[in-house]
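Results of the structural survey
Spelled out, the chains give:
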Amino acid sequence: MFKSFFIGEKEIMLPIIQGGMGVGISLSGLASAVANEGGIGVISSAGLGLLYRRKPGDYLKDCIWGLKEELRKSREKSKGTIGVNIMVALSNFADMVRTTIAEKADIIFAGAGLPLDLPSYLSTSSDTKLVPIVSSARAAKVICEKWHTNYDYLPDAIVVEGPKAGGHLGFKRENLEDANYSLEKLVPEVLAIATSYKDKKTIPVIAAGGISTGEDILRFIQLGASGVQIGSLFVPTDECDASDAFKQIYVNSSQSDLMIIQSPVGMPGRAFQGDFLDSVSAGNEIPKSCPYHCIKTCDYSKSPYCIIKALYNASKGRMNRGYAFAGANAYLTEKISSVREVISKLKKEFIAAEFLSGKEIAH
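The following refers to the structure shown.

The rules behind each value
- Residues numbered from 1 in each chain as written.
- Predicted model: local features only at pLDDT ≥ 70, side-chain atom pairs only at ≥ 80, totals over all residues.
- Heavy atoms only, no water.
- Phe/Tyr/Trp six-rings, centres within 6.5 Å; stacked < 30°, edge-to-face > 60°.
- Helix = DSSP H or I, 4+ residues; strand = E, 2+ residues; numbered from the N terminus.
- Buried < 20%, exposed > 50% of the residue type's maximum accessible area, 1.4 Å probe, protein only.
- Pairing = 2+ DSSP bridges.
- Polar contact = N/O pair within 3.5 Å; in protein donor to acceptor, adjacent residues only side chain to side chain.
- Contact = heavy atoms within 4.5 Å.
- Axes fitted to C-alpha atoms, helices over the stretch in contact; angles between N-to-C directions.
- Left-handed = near helix turned anticlockwise from the far one by under 90°.
- Core = buried A, V, L, I, M, F, W, Y, C linked by side-chain atoms within 4.5 Å.

**Looking at the packing of aromatic side chains**
- Here the structure, examined in full by the defined rule, presents 11 aromatic pairs.
- Ring geometry for Phe276 versus Tyr305: centroids 5.7 Å apart, planes at 90°, classification edge-to-face. You can see Phe276 sitting in helix H9 (residues 275–281) and its partner Tyr305 sitting in the loop between H9 and helix H10 (307–315), a full 29 residues away along the chain. Here the two residues Phe276 and Tyr305 agree in accessibility, since each one is buried.
- For the pair Phe276 and Tyr323, a centre-to-centre distance of 6.2 Å together with 25° between the ring planes defines the contact as stacked. Residue Phe276 is found in helix H9, and its partner Tyr323 is found in the loop between H10 and helix H11 (339–362); the two are separated by 47 residues along the sequence.
- Residue classification places Phe276 among the buried positions, given a relative accessible area of 5%.
- Since its relative accessible area comes to 3%, Tyr323 is described here as buried.
- Grouping aromatic residues by their ring pairs yields a cluster made of Phe276, Tyr305, Tyr323 and Phe325.

If you want it as structure tokens, here you go:
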């Protein structure tokens, strides 16, 4: 069966991390459900100021309030491990990090850029663990070297996200189908970086991107990963915080509905095709102003659409005004299930794959 692993002194009984999905897809509802099964539930900090709007409106302050509220709700629903996903590209990255640490969340997962100064936010009394999300061994090495040199700190774990992930991808478009960039190749390379620091710290490596079956989990654990990160599988669940209309996009989709888009963030991303993205292609969604400046790298005057509004609208079910990010295997979903059912299915598939693997070795 699944083996537990440690992030710092915290034992993770179920080696499954629920990927952070914004805007408003993975909040306290989904995160607490996964945490209650023994995995790590993750709240996305992206765009919380849209979900928690007060009058008079102050987007940055509302983001802080929203994150505090989601962490409070998750603690009411679960005693398990709760993390927060914070994109480095967010203009309020520092606010989200400080709030997460002050609220004593268990883990920060930081991706969509290199979080080179993340340990600087910790104090001697901080318990929050720091886990960067990378898409290459080179990025893992840079982070480890910078953190160790500047802060005498090393990552508490590393998530390596391959090209089959949903949302923003840390790869050039032409590399997404290149076997040299596959997750199967990336995991051992990142593991080699993590292992090079074994005398100083045990750094577990977590595989992410396109993982959708228990057989997938077994494959990456056999490659040396301590656990896996899964996002898309948890969207069509009762506990997911998105609207039913958003979840039905996953249930009713086929592989041909998935497409690679260029995000205003400056990265390619994987999403389900729809009316809104068709409208973007026609040049009909160009923003006239920017009330939020949510992304450091976004210049609204050059942007084809406002990404935070599009993702917020989609999470609320207004699919004609937004779109759904999704992993490469998200189309395999056939129905809405509970988080417990999803994890139970993964366990059964893992056991079956392990049994078959054992038989092959015996032969």
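**Some details on the pairing of strand S13 (residues 268–272)**
- Across the 5 residues of S13, 5 count as buried, placing the element largely inside the fold.
- Judged by which residues are buried, S13 turns out to be covered on both faces: Pro268, Arg270 and Phe272 on one side and Gly269 and Ala271 on the other are all buried.
- Relative to S13, strand S9 (residues 167–168) runs antiparallel, the two being bridged by 2 bridges. Bridging across to S13, His168 finds its partner in Gly269.
- One ladder, built from 5 bridges, connects strand S12 (residues 258–262) with S13; its direction is antiparallel. From the neighbouring strand, Ile261 faces S13, where its bridge partner is Gly269.
- Turn length for the S12-S13 hairpin, with the two strands adjacent in sequence and antiparallel, is 5 residues, and the turn residue Gly266 shows positive phi of about 105°.

**With respect to the side chain of Asp156**
- In this fold, Asp156 is placed in the loop between helix H5 (137–151) and strand S8 (158–161).
- Polar side-chain contacts of Asp156 include one of 2.8 Å to the backbone nitrogen of Leu130.
- A distance of 2.6 Å separates polar atoms of two side chains, one belonging to Asp156 and the other to Tyr153.
- Aside from chain neighbours lying at most four places away, what touches Asp156 is Ile7, Gly8, Lys129, Leu130, Lys201, Thr202 and Pro204.

**Brief notes about the packing of helix H1 (residues 28–36) against helix H3 (residues 59–77)**
- The geometry of H1 relative to H3 is characterised by a closest axis approach of 9 Å and an angle of 35° between their N-to-C directions. Remark: the crossing between H1 and H3 carries right-handed chirality. For the pair H1 and H3, contact is made by Ser28, Gly29, Ser32 and Asn36 and by Glu70, Lys73, Ser74 and Lys77, respectively.

**Details of the nonpolar core**
- In terms of nonpolar packing, the biggest core is built from 107 residues, with Ile16, Leu118, Ile217, Phe234, Phe246 and Tyr323 touching the most fellow members.
- Among all residues touching Tyr323, those that are not within four sequence positions of it are Phe246, Ile261, Ala271, Phe272, Phe276, Leu277, Tyr305, Ile307, Ala310, Leu311 and Ala314.
- Formed by 14 residues, the second largest nonpolar core is a distinct cluster that contains Phe109, Val131, Val159 and Ala208.

**Some details on the sheet that holds S9**
- The sheet built from 3 strands is open, its strands ordered S9-S13-S12 with antiparallel pairing. Two strands lie at the open edges of the sheet, namely S9 and S12, each paired on one side alone.

**With respect to the environment of Leu122**
- Note that Leu122 resides in the loop between strand S6 (107–111) and strand S7 (129–134).
- Separated by 15 residues in sequence, Leu122 and Ala137 place their C-alpha atoms 25 Å apart.
- Here Leu122 is in contact with Ile101, Thr128, Leu130 and Tyr153, once residues within four sequence places are set aside.

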